[in-house]
Amino acid sequence: MSSPASRLLQLLSLLQARRDWPGALLADRLRVSHRTIRRDVDRLREMGYRIEATMGPDGGYRLDAGSELPPLLFDDDQVVALTVALETATVAGAGIGEAALRALTTVRQVLPSRVRHRLDALEVANVARAGAAPTPTVSSEVLLSVSAAIRDRHVLRFGRAVDDPAPPRRVEPHHLVLSDERWYLVAWDLDRDAWRIFRADRIAPRTPTGPRFHPRTVPGGDVRAFVAARFKGSEHTDRWPCVGTVLLHLPLTAVQPFVGDGTAEAAGDDRTRYTAGAWSWVALAASLNRFDTEVEVVGPPELAAAFAVLAERNAATATRGASAQR
């Protein structure tokens, strides 16, 4: 039989693994009597764990949330997941970097050596994209306030700053979204009668919140696809409004590192068939010039016309540049 302390830890681990445990099943798993289970449950309650007794023919126990956070148990995989989450939280723009670092230090101090050895080999480095603007930080208070309004279905009133003299915006908040390390609020704008996406770092919630509202469904029913579509300049579908196909006079190996969200396949004779999209045909044509090679337009005709427009603009730019240097 295991020691009382070890048995308590085993019991706690079982209670955390699933919502309801019949008393008979707990006794069988721990190889003890029902009386011992009741006594161990009482000890856990004295430590601050809120364990409710469930009624019925298979009466047992349930671990519920309490008023304070008691000690928790994690298996090895949960510890790894928690550590990765804490390390990446410092670059999530949520204004919790310091708290995440303190939590990470606390976790590492009590890790078994076998787990610490695995985590010591894990190093997370955040590398910003070239030319990308610094990630704006959103305070945890703002995220919690917005989340509470979403949960309670209360109209959110906010300005761009706490002392913003302009009348507050009034929206029905539905979703908080994290994209490219930036936080966004997806909401129904009551003043414009339309769906809008707001940057969370530009939201200063006003109190009190507005009345309750009935939730709506974002166009398409998938908030991730809806946000991705809006970022690509499309209203409803997660695809670029302008999509074209070209033949690049480069082997597939030279094109693959720069495919992005496009597709590429070998077309023989060191050529690559490449399909990509952009918010306009001219923008797509301009982006294809980054491959610094000959480009053959497969289609559609709008893309070929965009190359002509781009050529005229570039020729005009070159002429003005040459004249300025005379």
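Before reading further, recall that the structure is shown in the block above.
As the structure is a prediction and not an experimental result, all values here were calculated from the model.

Student: Could you clarify how one ought to interpret the overall build of the chain in this entry?
Tutor: Counting its secondary structure elements, the chain contains eleven helices and twelve strands. With 326 residues in all, the chain has 32% of them scored as buried. By sequence separation, contacts in the chain at least 24 residues apart represent 54% of the contacts at least 6 residues apart. By element, 53% of the accessible surface of the chain is carried by carbon and sulfur atoms, the whole surface being about 20,300 Å².

Student: Looking at this structure, I do not really get the nonpolar core. What am I missing?
Tutor: Soluble globular proteins: nonpolar side chains tend toward being buried together. In terms of nonpolar packing, the biggest core is built from 17 residues, with V255, Y274, L288, F291 and L303 touching the most fellow members. Elements with a contribution of two residues or more to this core: β9 (242-248), β11 (272-278), α10 (281-288) and α11 (301-324). When residues no more than four places from it in sequence are discounted, the contact partners of F291 are L248, L250, V255, F258 and Y274. Among the nonpolar cores identified, the runner-up in size contains 16 residues, and L12, W21, V41 and Y61 belong to it.

Student: Would you take a moment to explain the packing of aromatic side chains for this structure?
Tutor: Each aromatic ring pair is summarised here by two numbers: the centre-to-centre distance and the angle between the ring planes. Taken as a whole and judged by the stated rule, the model has six aromatic pairs. Measuring from centroid to centroid gives 5.3 Å for F158 and F198, while their planes differ by 80 degrees, and the two rings are edge-to-face. Here F158 is found in strand β4 (residues 156-159), whereas its partner F198 is found in strand β7 (residues 194-199), with 40 residues between them in sequence. By the ring-pair criterion, three or more aromatic residues cluster together here, those being W188, W195 and F226.

Student: In this structure, what is going on with the pattern of salt bridges? I would like to understand it.
Tutor: Should their charged atoms come close, side chains of opposite charge can pair. Inspection of the entire model under this criterion finds 14 salt bridges. The salt bridge partner of D261 is K232, with a shortest N-O separation of 3.8 Å. Here K232 lies in the loop between α8 (223-231) and β9 and D261 lies in the loop between α9 (252-255) and β10 (263-266), a separation of 29 residues in the sequence. Relative accessible area serves as the criterion here: at 18%, K232 is assigned to the buried category. Among the salt bridges present, the one from R271 reaches E296, with a minimum N-O distance of 2.9 Å. With R271 in the loop between β10 and β11 and E296 in strand β12 (residues 295-299), the pair connects residues that are 25 residues apart, well separated along the chain. Ionic contacts of the salt-bridge type, sharing partners, join the residues R7, D40 and R43 into one network.

Student: Honestly, the sheet that holds β12 in this entry has me stumped. Any pointers?
Tutor: Each strand in a sheet pairs with another by means of backbone hydrogen bonds, the pair being arranged parallel or else antiparallel. Strand order in the open sheet made by the four strands is β10-β11-β9-β12, with antiparallel pairing throughout. Of all the strands in the sheet, just β10 and β12 have a single pairing partner and so form its edges. Along the sheet, successive strands turn relative to each other by an average axial angle of 25 degrees, direction set aside. Sheet analysis places β9 next to β12, joined by four bridges and oriented antiparallel.

What counts, and at which threshold
Residues numbered from 1 in each chain as written. Predicted model: local features only at pLDDT ≥ 70, side-chain atom pairs only at ≥ 80, totals over all residues. Heavy atoms only, no water. Helix = DSSP H or I, 4+ residues; strand = E, 2+ residues; numbered from the N terminus. Buried < 20%, exposed > 50% of the residue type's maximum accessible area, 1.4 Å probe, protein only. Contact = heavy atoms within 4.5 Å. Areas by Shrake-Rupley, 256 points an atom, 1.4 Å probe, with all protein chains shown as cover. Core = buried A, V, L, I, M, F, W, Y, C linked by side-chain atoms within 4.5 Å. Phe/Tyr/Trp six-rings, centres within 6.5 Å; stacked < 30°, edge-to-face > 60°. Salt bridge = Lys/Arg side-chain N within 4 Å of Asp/Glu carboxyl O. Pairing = 2+ DSSP bridges. Axes fitted to C-alpha atoms, helices over the stretch in contact; angles between N-to-C directions.

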